[in-house]
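# Examination of the molecular architecture
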Amino acid sequence: MKLLRFGAPGSEKPGLQLEDGRRIDASAFGMDWNDQFFGDPSNLDRLKSWADENSASAPLISDGTRLGPATARPGKLICIGLNFSDHAEEAGMDIPKEPIVFFKATSAIVGPNDNVTIPRDSKKTDWEVELAFVIGKKASYVSEEDALSHVAGYVLHNDYSEREFQLERGGQWVKGKSCDTFAPIGPFVATADEIADPENLAMWLIVNGEKKQDGNSSKLIFGIAHLVSYLSRFMTLEPGDIVSTGTPPGVGMGFNPPQFMKPGDVVELGIEGLGQSRQVAVACP
Ligand code: ZN
């Protein structure tokens, strides 16, 4: 199933994208795509039955309707840094021996096609196409063998980053990762059964019509099962939590000279099987 949310910010309703591309209102199913939904795998079976019976008659979501973040706000938005060796190289950093883990404030989460706001005093706002996954059942000290049974689905994420805030202002990366609008999530969560091999998905990002990132999740240094198992040794992963697995090369800071964003820039990105998103950059009001 492809789970999406639509409507005005803060009052999104759950919807589904069907095989033929139609989008339907799934409010009548009675659950939002949140911790309760993801925490119990039987909900997905019930949703499939509901869709079989109701998808022909459910209200259609019209084309111009805003898409919201593809899940309700998660408890945690965890990111993995430098998880592609060629991105570590362009960033001038060593390939990590263990996953680099950082948080992004969940208040940064927006819909997939919402504007991205360049923060006040920012000179180095940058893009990062990423494959993210959504936690299903709770994960604490899980083995790598059992890890993927804790993943409910996959979703496209743009891990926007302010490089000066992130790297030149001391302390943790979280400062450069958490600005409002810095986490467009969607268009939809593809449930795990939809994605045959999450570690072989083409991923790309275009700025103002020019391709900047052109990668594949097969190049992840630390794969998804390892990340679930690894993270679960340091914290409990709860249903609905989102983990973003890192970006391939081609970010703005990797160019010589570096390329950073300005108001009016148009960023388009996508991952095979997970749809596309598009953000227009605007100045901080
Ligand atoms: Zn990232």
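Described in the following lines is the structure provided in the data block. (Residues numbered from 1 in each chain as written. Predicted model: local features only at pLDDT ≥ 70, side-chain atom pairs only at ≥ 80, totals over all residues. Heavy atoms only, no water.)

Take the coordination of the zinc ion next. Taken together, the protein ligands of the zinc ion are Glu128 (OE), Glu130 (OE) and Asp159 (OD), with distances of 1.9 to 2.0 Å. Motif for the zinc ion, donor spacing along one chain: E-x1-E-x28-D. Taken together, the residues glutamate 130 in strand β9 (residues 129-135) and aspartate 159 in the loop between β10 (151-158) and β11 (161-162) connect sequence positions 29 residues apart. Assigned by exposure class, glutamate 130 and aspartate 159 land together as buried. (Donors = N, O, S within 2.8 Å, 3.2 Å for Na, K, Ca; no water. Helix = DSSP H or I, 4+ residues; strand = E, 2+ residues; numbered from the N terminus. Buried < 20%, exposed > 50% of the residue type's maximum accessible area, 1.4 Å probe, protein only.)

A few words on the packing of aromatic side chains. Considering all chains together, one arrives at eight aromatic pairs under this definition. Aromatic pair tyrosine 160 and phenylalanine 182: ring centres 5.9 Å apart, planes at 40°, arrangement tilted. In this pair, tyrosine 160 is assigned in the loop between β10 and β11 and phenylalanine 182 in the loop between α5 (163-167) and β12 (183-184), connecting sequence segments 22 residues apart. Pairwise contacts between aromatic rings join Phe29, Trp33, Phe37, Phe38 and Trp50 into one cluster. Seen from the ring of phenylalanine 255, lysine 212 lies directly overhead, with NZ or CZ sitting 5.1 Å from the centre. (Phe/Tyr/Trp six-rings, centres within 6.5 Å; stacked < 30°, edge-to-face > 60°. Lys NZ or Arg CZ within 6 Å of the ring centre and 35° of its normal.)

The calculated volume of the largest pocket comes to roughly 220 Å³. Forming the boundary of the largest pocket are 15 residues, of which Phe38, Pro41, Leu44, Val151 and Ala152 lie nearest the centre. Listing elements by their share of the lining of the largest pocket, those giving two or more residues are α1 (35-39), α2 (42-54) and β10. Its residues assigned to classes, the lining of the largest pocket comprises eight nonpolar, three polar and four charged. Counting contributing residues per domain, the lining of the largest pocket is built from domain 1 (2-54) and domain 2 (77-283), each supplying no fewer than three. In this model, the second largest pocket occupies a volume close to 180 Å³. (1 Å grid on protein atoms, 1.4 Å probe; cavity = no way out; pocket = protein on both sides within 12 Å on 5 of 7 lines; lining within 4 Å. Points joined across faces, edges and corners; volume = space filled by probe spheres on them. Nonpolar A, V, L, I, M, F, W, Y, C, P; charged D, E, K, R; others polar. Domains from an automatic or database assignment.)

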